[in-house]
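Here's the letter readout for the chains.
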Amino acid sequence: SNIAPDSLVAINRRLKSEARSAGATFEQLFSLAISESLVKQYTNAVNTYTAASQVAPTNPFVYLNRAVTQAEMIDFIASIDNAYQRISIESDPARQLHNRSTRIYNYDEAIEDINKAIKLYPDFAEAYYNRANLMAISGKLPEAYDDYTRAIELEPNMGEAYYNRGLVQIFMKDTRKGCMDLSKAGELGILSAYDILKQFHIAEHN
């Protein structure tokens, strides 16, 4: 968010006040949960998303957002002892695999929420991309590859999915196909892909 921290806190307080009534609408609960996540009240946010899911159980975005919040909560806990590098829904966790500690964090609940979102909205490319990210940082590379591939099938111009799939393939020792995906990611605007391709080119000639 590009909103100043003080403003976020004020927004959160207002939304909390509006949602206090027993008959809070889905929109009120959903907005409150987003604000709680942004001010790092992760447990509250998860609980509010759960309340929102009870009001609108067929809305896929409540499950997707709850999954993101659960992942961010794990990230926050892990960052306390520097055992894990920060991820977010927009990040490239496959790129961070080589920095991953030996400890594997459990994203099963977050993945299950994304499974629900996909069941409700099967053609939602971003859901497959987000699940792939969680699979990648969980060390489940074949599953991550499959989800990145599905995201690309649904959204052929998703450069981030090509980028991450390329890195996953490199980690799975398929460097040629991985570099092809990185090249495609570069064509789609992910300029950092070219830096990695240059590194491989230099390594091959040393």
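Our subject is the structure that appears above.
Report follows, based on the coordinates. (Residues numbered from 1 in each chain as written. Predicted model: local features only at pLDDT ≥ 70, side-chain atom pairs only at ≥ 80, totals over all residues. Heavy atoms only, no water.)

1. Description of the pattern of salt bridges
Heads up, the rule is: The term salt bridge refers to a side-chain nitrogen of Lys or Arg lying within 4 Å of a carboxyl oxygen of Asp or Glu. Counting from the N terminus, the helices are DSSP H or I runs at least four residues long and the strands are E runs at least two residues long. The classification of residues rests on relative accessible area computed with a 1.4 Å probe and restricted to protein chains. Under 20% of the type maximum is buried, over 50% is exposed, and intermediate values are partly exposed.
Going through the model one piece at a time under the given rule, you end up with nine salt bridges. Close ionic contact of Arg 14 with Glu 18 constitutes a salt bridge, the shortest N to O distance being 3.2 Å. Within this pair, Arg 14 and its partner Glu 18 are both found in helix 1 (residues 5-18), separated by four residues, close to a single helical turn. What makes Arg 14 partly exposed here is its relative accessible area of 44%. Overlapping salt bridges, with partners in common, bring together Arg 66, Asp 113 and Lys 116 in one network.

2. Observations regarding helix 2 (residues 26-38)
Note the cut-off: Expected span of a helix, by definition, is 1.5 Å for each gap between consecutive residues, and there is one gap fewer than residues. Should any heavy atoms of two residues lie within 4.5 Å, those residues are considered in contact.
The end-to-end C-alpha distance of helix 2 is 18 Å, a good match for the 18 Å that 13 residues give at a rise of 1.5 Å each. Contact partners of the buried residues in helix 2: helix 1, helix 3 (42-55) and helix 4 (60-79). Once helix 2 ends, the next one or two residues include Lys 40, with phi positive near 65°.

3. A closer look at the packing of aromatic side chains
For clarity, the cut-off: Only Phe, Tyr and Trp rings are paired, with Trp represented by its six-membered ring, and only when their centres lie within 6.5 Å; those with planes under 30 degrees apart are stacked, over 60 edge-to-face, the remainder tilted. In our convention, an over-ring charge means Lys NZ or Arg CZ found within 6 Å of a ring centre and within 35 degrees of that ring's normal.
Summed over the entire model, instances satisfying the criterion amount to seven aromatic pairs. Judged by centre distance (6.2 Å) and plane angle (75°), the rings of Phe 61 and Tyr 121 are edge-to-face. Of this pair, Phe 61 sits in helix 4 while Tyr 121 sits in the loop between helix 5 (108-120) and helix 6 (125-137); the two residues are 60 residues apart in sequence, bridging distant segments of the chain. Assessed through its relative accessible area of 34%, Phe 61 is described here as partly exposed. The class of Tyr 121 is partly exposed, set by a relative accessible area of 34%. It is Arg 150 that lies over the ring of Tyr 128; its NZ or CZ is 5.8 Å from the centre.

4. Brief notes about the packing of helix 6 against helix 7 (residues 141-154)
For clarity, the cut-off: Working convention: axes come from line fits to C-alpha atoms, limited for helices to the stretch in contact. Angles between N-to-C directions cover 0 to 180 degrees. Here is the rule for angles: anything less than 35 degrees is roughly parallel, anything more than 145 is roughly antiparallel, 65 through 115 is roughly perpendicular, and the remaining ranges are oblique. Each crossing is labelled by how the near helix is turned from the far one, with a counterclockwise turn of less than a right angle marking it left-handed and a clockwise turn marking it right-handed. Residues are grouped as follows: nonpolar covers Ala, Val, Leu, Ile, Met, Phe, Trp, Tyr, Cys and Pro; charged covers Asp, Glu, Lys and Arg; every other residue, Gly included, is treated as polar.
In contact at an axis separation of 8 Å, helix 6 and helix 7 are set at 160° when each is read in the N-to-C sense. As summarised for this structure, helix 6 and helix 7 are arranged roughly antiparallel, according to the angle between their axes. Like other packed secondary-structure pairs, helix 6 and helix 7 cross with a definite hand, here left-handed. Two secondary-structure elements touch here, helix 6 through Ala 125, Tyr 128, Tyr 129, Arg 131, Ala 132, Asn 133, Met 135 and Ala 136 and helix 7 through Leu 141, Glu 143, Ala 144, Asp 147, Tyr 148, Arg 150, Ala 151 and Leu 154. Along the lines of polarity and charge, the residues of the contact of helix 6 with helix 7 split into 11 nonpolar, one polar and four charged.

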